[in-house]
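Remarks on the overall topology
In case you want the letters, here they are:
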Amino acid sequence: MPDVRIVVPDDYPPAYGSPEQEDLRRLAPYGDVTVYDTRFADRAELFRRIAPAAVVINVRSYCVFDDEALDRAPNLRMISILGTGTDNVDLEAATRRGVVVTNTPGVGAPSVAELALGLMLAVARAIPLSDRRLRDGAWQHVEGPELAGKTLGLLGLGLIGQRVARIGQGLGMRVVGWSFRRDPERAAACGVELLDRDDVFRQADVLSLHLRNSPEARDFVGRRELALMKPGAILINTARGALVDQDALAEALREGRLAGAGLDVYPQEPLSPEDNPFKDLDNVVLTPHAGAVTREANARSREMPVDNIIAFLEGRPEHVVNPAVLERPASRNG
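Residues numbered from 1 in each chain as written. Predicted model: local features only at pLDDT ≥ 70, side-chain atom pairs only at ≥ 80, totals over all residues. Heavy atoms only, no water.

**Some words on the packing of aromatic side chains**
Applying the stated criterion to the full structure yields 4 aromatic pairs. A ring pair is formed by W178 and F180, whose centres lie 4.9 Å apart and whose planes are at 70°; its orientation type is edge-to-face. When its relative accessible area of 11% is taken as the criterion, W178 is described as buried. Measuring from centroid to centroid gives 5.7 Å for F180 and F220, while their planes differ by 65°, and the two rings are edge-to-face. With F180 in the loop between β7 (174–178) and α7 (184–189) and F220 in the loop between β9 (206–209) and α9 (223–228), this pair connects stretches of sequence that are 40 residues apart. For F180, a relative accessible area of 40% corresponds to the partly exposed category. (Phe/Tyr/Trp six-rings, centres within 6.5 Å; stacked < 30°, edge-to-face > 60°. Buried < 20%, exposed > 50% of the residue type's maximum accessible area, 1.4 Å probe, protein only. Helix = DSSP H or I, 4+ residues; strand = E, 2+ residues; numbered from the N terminus.)

What follows is the structure in structure tokens.
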């Protein structure tokens, strides 16, 4: 299969760096690999990069594969996403055109779950605030709650949510949850008490979000939902910024209607100082979408997209997120 053109159009900031990276070198027997390690200037440049590709590795979410982009890649047979999110790919258009789309489920689950725990503790015990004060010479205590005996509410019970559930239980917390897939067996397996959605908001002392950025999940936490939460509750979001009404959350935190928040994701990223409604709030801990940024998760993230390409080219596709495409012939005319 030496004629297969494999393109990485959006390797900025670099994940692979060059075709000589150890994972990409495994693709050499299957075709030619081209890596673009600069951000494309505009859509026209993106189209030029993907035009010859039979296979694309999608590294960054700013690279949008909508119907127009797919139309500009007439040879495209596969998009291998580095990550779990698929909101930057028009799956319906890809399926219609016979383009297989894969992702990398679970590669960052341990890392994201651990960061969620870190944010819970950092907010509950005011760790960053105490650190800043002590560096400035102030010896001042902040009285925070113990998490043991409190209720951890989870919205989403996928691989990350399940790990966070086990972490909460390890801390001695009662764990309740809700998901779009009401799956009592899955919930029971990870020790989660299933509740109605609103009851999770009402009962949680710590509410942690683990939903995909799907159309039905966007703005999932707005003013109405925040008003249901306890005045002393903490909100943790390591999922997607689009799930939360950022302005409503900032207002609730500023007015003391919530005790605090730990946020790793934002509606617009990078989050600039001008657009950051939390920058002056001491009860908020912010991280720069770093949930899966660990050595182990990064290694898995680079490896699995290549595994998915090899499996596809060998006729045994894995981790396909638009499985209907496997049941119909390709139609490059859309």
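**Some thoughts on the layout of surface pockets**
In this structure, the second largest pocket occupies an estimated 350 Å³ of space. Taken together, 24 residues line the second largest pocket, and the ones lying closest to its centre are V123, A126, D282, N283 and V284. When contributions to the lining of the second largest pocket are tallied by element, the ones reaching two or more residues are α4 (109–124), α5 (127–135) and β12 (284–286). For the lining of the second largest pocket, a count of residues per class yields 15 nonpolar, 4 polar and 5 charged. (1 Å grid on protein atoms, 1.4 Å probe; cavity = no way out; pocket = protein on both sides within 12 Å on 5 of 7 lines; lining within 4 Å. Points joined across faces, edges and corners; volume = space filled by probe spheres on them. Nonpolar A, V, L, I, M, F, W, Y, C, P; charged D, E, K, R; others polar.)

**Some thoughts on the pairing of strand β1 (residues 4–8)**
Sheet faces and side chains relate simply in a regular strand, where the side chains alternate between the two faces. Summarising burial for β1: 4 of the 5 residues are buried, a large majority. The sheet contact formed by β1 and strand β2 (residues 31–35) spans 5 bridges and is parallel. Across the sheet, residue I6 finds its bridge partner in β2, namely V33. Across 2 bridges, the pairing between β1 and strand β3 (residues 55–58) is parallel. When the sheet's bridge partners are listed, I6 is paired in β3 with V55. (Pairing = 2+ DSSP bridges.)

Nothing here speaks to function; it is all geometry.
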